[in-house]
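Fold and contact review
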Amino acid sequence: MRLDIVKHKFIYLAISAILLIPGIIAMVYSMITYDTHTPVKVGIDYTGGTTLQYGVREGISNNKLSEVRSSLEKNGVDKPVLQVINVNSKENNDLKAILSIRTKFIEENSKDLENITKVVNSEFQQPELVQVSSVGPTLGKELFKNSMIALTLALLGIIAYLTFRFQFDYALAAILGLMHDTIFVVGVFSILGLVYGVQIDALFVTALLTVIGFSVHDTIVVFDRVRENLKYYSKKMTFGEIMNASINQTLTRSINTSLTTLITLASLYFFGGVTTKDFVLAMILGIAIGTYSSIFFCSSLIEIWEDKK
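Residues numbered from 1 in each chain as written. Predicted model: local features only at pLDDT ≥ 70, side-chain atom pairs only at ≥ 80, totals over all residues. Heavy atoms only, no water.

Time to look at the overall build of the chain. Along the backbone of the chain there are 9 helices and 4 strands. For the chain, the succession of helices and strands along the chain, N to C, is α-α-β-α-β-β-α-β-α-α-α-α-α. Referenced to the eigenvectors of the C-alpha coordinate spread, the extents of the chain come out at roughly 80 × 40 × 25 Å. Here the chain holds 309 residues, and 44% of them are scored as buried. Contacts in the chain between residues far apart in sequence, at least 24 positions, make up 78% of those at least 6 positions apart. Across the chain, the 27 positively charged side chains and the 27 negatively charged ones have centroids separated by 6 Å. (Helix = DSSP H or I, 4+ residues; strand = E, 2+ residues; numbered from the N terminus. Buried < 20%, exposed > 50% of the residue type's maximum accessible area, 1.4 Å probe, protein only. Contact = heavy atoms within 4.5 Å. Lys, Arg positive; Asp, Glu negative; His and termini not counted. Charge placed at Lys NZ, Arg CZ, Asp CG, Glu CD.)

And the structure:
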């Protein structure tokens, strides 16, 4: 089966728009509504605070979650953010779920910690405190700044390399592909933050950097093949025909590489620890959309550019 990218290029661009627009809307809404004015809900790694995780031996409904939140507020806990993490009971004794409670920074052995534990003990039977993690407000801001600097430097480095490695139109298409993949992943997590309260941490930035590198790598393979074929077939074939041939020549390699990576990540997502689920999800989304953009989105942009020239 041979794909005809040129013939359906506007359909692929429309699909990209459908994938990106909901995330962009969610990011704008998040920047307006969140106190941090960030496009995604950030965790304590960046805002500072304390997260307590309690293992419980029963399912937690939305109504129960609201009751726990009200009880915490009545006992002086400031703006608690609650999240339920489902666990595999076979791997975690009798635990059915983990209740994650995030609030302002709490000192060790403080009265606030005792109050939270007291409320959880009153709402559930024999809850188990499995993890306490704290980040100070100053350190949180510093980590956020450093993460943004790392992300910006990585993007600038990739842009500089692409500009040097390829001619302007190829480099521009690859850069737009990077933006396409980044916006999609951030947009999905923005939606998850609004709907399910999912927060990002330093691992999310790590996943985003990995996704960017993977996406560029796949795009470069396709563009290199296009450039090689242009040397030999530019007088015999149109640019659109060369583009289609190049994509089909690299298609099997791209799909095999992405598929084997996705199988590994899916295993980690379903059978790995709960603390890495969001990191793995970001990787899965990024690699899937990166493969799509390299084959369909970036190639369509190049073909449109060449057609107009």
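Time to look at the packing of helix H6 (residues 168-196) against helix H9 (residues 277-308). Interhelical geometry of H6 versus H9 gives an angle of 145° and a closest axis separation of 8 Å. When the axes of H6 and H9 are compared, the crossing they make is right-handed. Of the residues that constitute the contact of H6 with H9, the class distribution is 20 nonpolar, 5 polar and 4 charged. (Axes fitted to C-alpha atoms, helices over the stretch in contact; angles between N-to-C directions. Left-handed = near helix turned anticlockwise from the far one by under 90°. Nonpolar A, V, L, I, M, F, W, Y, C, P; charged D, E, K, R; others polar.)

By the element assignment, Asp181 lies in helix H6. With no salt bridge to any partner, buried Asp181 finds its closest opposite charge in Arg253, at an N-O distance of 13 Å. Not counting residues within four places of it along the chain, the set of residues in contact with Asp181 comprises Ser215, Ile289, Gly290 and Ser293. (Salt bridge = Lys/Arg side-chain N within 4 Å of Asp/Glu carboxyl O.)

Packing of helix H1 (residues 9-33) against H6 leaves a shortest axis separation of 8 Å and a crossing angle of 55°. With respect to their mutual orientation, H1 and H6 come out oblique. Considering the relative orientation of H1 and H6, their crossing is left-handed. Contacts between H1 and H6 involve Ser16, Leu19, Leu20, Pro22, Gly23, Ile24, Ala26, Met27, Tyr29 and Ser30 from the former and His180, Ile183, Phe184, Val186, Gly187, Ser190, Ile191 and Leu194 from the latter. Residues of the contact of H1 with H6, tallied by class, amount to 12 nonpolar, 6 polar and no charged. (Parallel < 35°, antiparallel > 145°, perpendicular 65-115°, else oblique.)

Although it is not a glycine, Gln126 sits at a positive phi angle of roughly 50°. Classification of Gln126 by relative accessible area gives exposed; the value is 64%.

Turning to the pattern of salt bridges, a few remarks are in order. Scanning the entire structure with this criterion turns up 6 salt bridges. Here Lys9 makes a salt bridge to Glu303, at a shortest N to O gap of 3.4 Å. One end of the pair, Lys9, is in helix H1; the other, Glu303, is in helix H9, and 294 residues separate them in sequence. By relative accessible area, which is 8% here, Glu303 ends up buried. Taking the shortest distance from any N to any O, the salt bridge between Glu128 and Arg57 comes out at 3.7 Å. Of this pair, Glu128 sits in strand E4 (residues 128-135) while Arg57 sits in the loop between strand E1 (49-56) and helix H3 (62-74), and the two are 71 residues apart along the sequence.

Leu162, Val185, Phe189, Phe204 and Phe223 are the most contacted members of the largest nonpolar core, which totals 55 residues. If you list the elements that add at least two residues to this core, you get H1, helix H5 (137-165), H6, helix H7 (202-233), helix H8 (239-271) and H9. Beyond its immediate chain neighbours, meaning those up to four positions away, Val185 contacts Phe204, Leu208, Ala282, Leu285, Gly286 and Ile289. (Core = buried A, V, L, I, M, F, W, Y, C linked by side-chain atoms within 4.5 Å.)

Time to look at the sheet that holds E1. Overall, antiparallel pairing links the 4 strands, which are arranged E2-E3-E1-E4 in an open sheet. At either margin of the open sheet sits one strand with a lone partner, and together these are strand E2 (81-86) and E4. The average undirected angle you get between the axes of adjacent strands in this sheet is 20°. Here 6 bridges tie E2 to strand E3 (residues 97-103), and the two strands are oriented antiparallel to one another. (Pairing = 2+ DSSP bridges.)

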